[in-house]
Amino acid sequence: MRLIDLRSDTVTQPTDGMRRAMASAVVGDDVFGEDPTVRQLEERMADLVGKEAGLFVASGTMANLVALLTHAGRGDEVIVGSLAHTFLYEVGGSAALGGIHSCVLPNQDDGTLDLAAVAAAVRSRDDIHVPRTKLLCLENTHNRCGGACLSTEYLDAAGAVARDKGLAVHIDGARLLNASRALGVSPADLTRVADSVSVCLSKGLGAPVGSVLCGSRQFVRAALRWRKTVGGGMRQAGILAAAGLYALDHHVERLDEDHRNAKGLAEGVAAIPGLSSPQSQPSPTAWTNLVYLAIAPALAGERSVNAEVLSDRLRQRGVLALPVGKDNLHMRLVTHLDVTSSDIDVALDALRSAVRGT
Ligand SMILES: *Cc1c(COP(=O)(O)O)cnc(C)c1O
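What you see is a predicted model, and the numbers here were worked out from it, not measured in a lab.

## Section: the site of the ligand
So, point 1. Around the ligand sit 13 residues, and of these Gly60, Thr61, Asp172, Arg175 and Lys203 come closest.
So, point 2. Between the ligand and Asp172, the relevant distance is 2.6 Å, taken from a nitrogen atom to a side-chain nitrogen or oxygen of the residue.
So, point 3. One of the side-chain nitrogen or oxygen atoms of Arg175 is found 2.9 Å away from an oxygen atom of the ligand.
So, point 4. Within the complex, 85% of the 380 Å² of free accessible area of the ligand lies under protein.
So, point 5. With 3 residues, helix α3 (residues 60-71) is the single largest residue contributor to the shell around the ligand.

Here's what the structure looks like:
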């Protein structure tokens, strides 16, 4: 039985075309700066997000870590959302390796941080008792906030607060191109307030490995040293970069299809008694390729259907989904390159039957 894997958009298989592009990539030693395919990818992504330079790194986690290490040092503080990937799921790397202090502000449901709270959190430069606030981190799309997009209006307002307070801005744009497609706004317009931005190639874009960290030439020169420090200098990395270039050529516009599939999935979920999904509701910005599902406590109580039970039953029916959070009542379903619209129908059938337990 072919599994329909909705756990994450990281589970995609490289397509035949992508594998051919990888196999025929012209490569060199990238630590010597001699890999033309890596250079090409870095320049292409930098152009796309309106920055001077790019740096190819092994993962989104490495991109964010290198960015934070470049912007802030020991005893400096960065402002980050309570539901940010960087805060929740990156092993506290900026503290472990950089001695960087996090100021955590609550994420609002739409993935934003309240900008008055951001301004109020910035510490006095003159007080020797407090850390120096250096950086504001934002995430677009916001993973734990349901794949919500941050709008250009919000980003510009956040940028104005950061400028006023002397902070740099980093955008974790693991799914920036999803936001760009869903909002109908160019990636560069979503990053114009950012001093740095990281974009994942291995999420919706369907490449096997890699992220690109972009910023000014000066920023990227400093980031290059930190990439080497964390062991991220790779040699004939053009084989991997070729997959990223292929993805930028072939897999960006098709993100619309993932968004349509996710919308259909969310609406189907919401039509099942006892289940709901925020992504079935209209949103002031736009939803993307993530669908969060909530199990009503009544369903959990009467029928003993919780996230663990539901994911087991789905697995038996050929569908993989990820329980999330600590209450055993929430799951995440993600659409991607290897999920078709008919897979969504099959997955919804499986979900209806899994809820019934028949
Ligand atoms: C996946 C993800 C990352 C990290 O990427 P990895 O390649 O898994 O290290 C960072 N930020 C967000 C929002 C993500 O979804």
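Back to the text.
## Thoughts on the sheet that holds strand β13 (residues 330-334)
So, point 1. Taken in spatial order, the 4 strands line up as β9-β10-β13-β12 in an open sheet, and their pairing is antiparallel. Two strands lie at the open edges of the sheet, namely β9 (275-276) and β12 (322-324), each paired on one side alone.
So, point 2. Both β12 and β13 contribute to a ladder of 3 bridges, which runs antiparallel. Note on β13: the bridge partner recorded for Pro323 is Met331.
So, point 3. Set on the sheet, helix α14 (residues 307-316) makes contact with β9, β10 (290-295), β12 and β13; between it and β13 the angle comes to about 40 degrees.

## Notes on unusual backbone geometry
The phi torsion of most residues other than glycine is negative, and most of the peptide bonds are trans.
So, point 1. That bond from Asn140 to Thr141 is cis: its omega, -5 degrees, falls within 30 degrees of zero.
So, point 2. Turning to its location among the elements, Thr141 is positioned in the loop between β5 (132-139) and α7 (152-165).
So, point 3. Not every positive phi belongs to a glycine, and Val91 is a case in point at roughly 60 degrees.
So, point 4. Mapped onto the secondary structure, Val91 falls in the loop between α4 (85-88) and α5 (93-98).
So, point 5. The phi angle at Asn328 is positive, at roughly 60 degrees, despite the residue not being glycine.
So, point 6. For Asn328, the location among the structural elements is in the loop between β12 and β13.

## What to know about the domain arrangement of the chain
So, point 1. As far as domains go, the chain holds domain 1 (16-250) and domain 2 (254-356).
So, point 2. Contact with domain 1, which involves 20 residues of that partner, is made by 14 residues of domain 2.
So, point 3. Buried area between domain 1 and domain 2, summed over both chains or domains, comes out near 1,400 Å², and the portion from carbon and sulfur atoms is 55%.
So, point 4. At the junction of domain 1 and domain 2, the tally comes to 1 salt bridge.
So, point 5. Note that Asp256 is salt-bridged to Arg181, the shortest N-O span being 2.8 Å.
So, point 6. Summed over the shared surface of domain 1 and domain 2, the result is 7 residue pairs in polar contact (both at pLDDT 80 or more).
So, point 7. Looking at the side of domain 1 that touches domain 2, the element that brings in the most residues is helix α8 (residues 176-183), giving 6 residues.

## Notes on the side chain of Asn289
So, point 1. As for its position among the elements, Asn289 is in the loop between β9 and β10.
So, point 2. A relative accessible area of 0% places Asn289 in the buried class.
So, point 3. A polar contact is formed between the side chain of Asn289 and the side chain of Asp9, at a distance of 2.9 Å.
So, point 4. Leave out the neighbours within four places in its chain, and Asn289 touches Asp9, Arg175, Asn178, Asp258, His259, Ala262, Leu333, Val334 and Thr335.

Conventions and cut-offs
Along each chain, the written sequence defines residue order, and numbers are assigned to residues from 1. Two thresholds apply to this predicted model, a pLDDT of at least 70 for residue-level local features and 80 or more for giving and counting side-chain atom pairs, whereas whole-chain, interface and lining totals are computed over all residues. Calculation of side-chain values draws on the structure's entire complement of heavy atoms; hydrogens and water are dropped beforehand. In this text, near means that some heavy atom of the residue lies within 4 Å of the molecule or strand in question. Polar contact criterion, stated in full: a pair of N or O atoms within 3.5 Å, where within protein one must be able to donate a hydrogen and the other to accept it, and residues adjacent in sequence count only if both atoms are side-chain atoms. Surface accessibility follows the Shrake-Rupley procedure with a 1.4 Å probe radius. Residue values consider only the protein chains on display as shielding. Elements are defined by DSSP. Helices are runs of H or I of four residues or more, strands are runs of E of two residues or more, and each kind is numbered from the N terminus. By this definition, two strands are paired if DSSP reports at least two bridges between them. In this analysis, two residues are considered to be in contact whenever any of their non-hydrogen atoms come within 4.5 Å of each other. The axes are straight lines fitted to the C-alpha atoms, using for helices just the contacting stretch, and the angles between their N-to-C directions are given from 0 to 180°. As annotated, the domain borders come from an automatic or database domain assignment. Two parts lose some accessible area (1.4 Å probe) when they are put together, and adding that loss for both gives the buried area. We define a salt bridge as a contact between a side-chain nitrogen of Lys or Arg and a carboxyl oxygen of Asp or Glu at a distance within 4 Å. Working definition: with a 1.4 Å probe on protein chains only, accessible area under 20% of the residue-type maximum means buried, over 50% means exposed, and in between means partly exposed.

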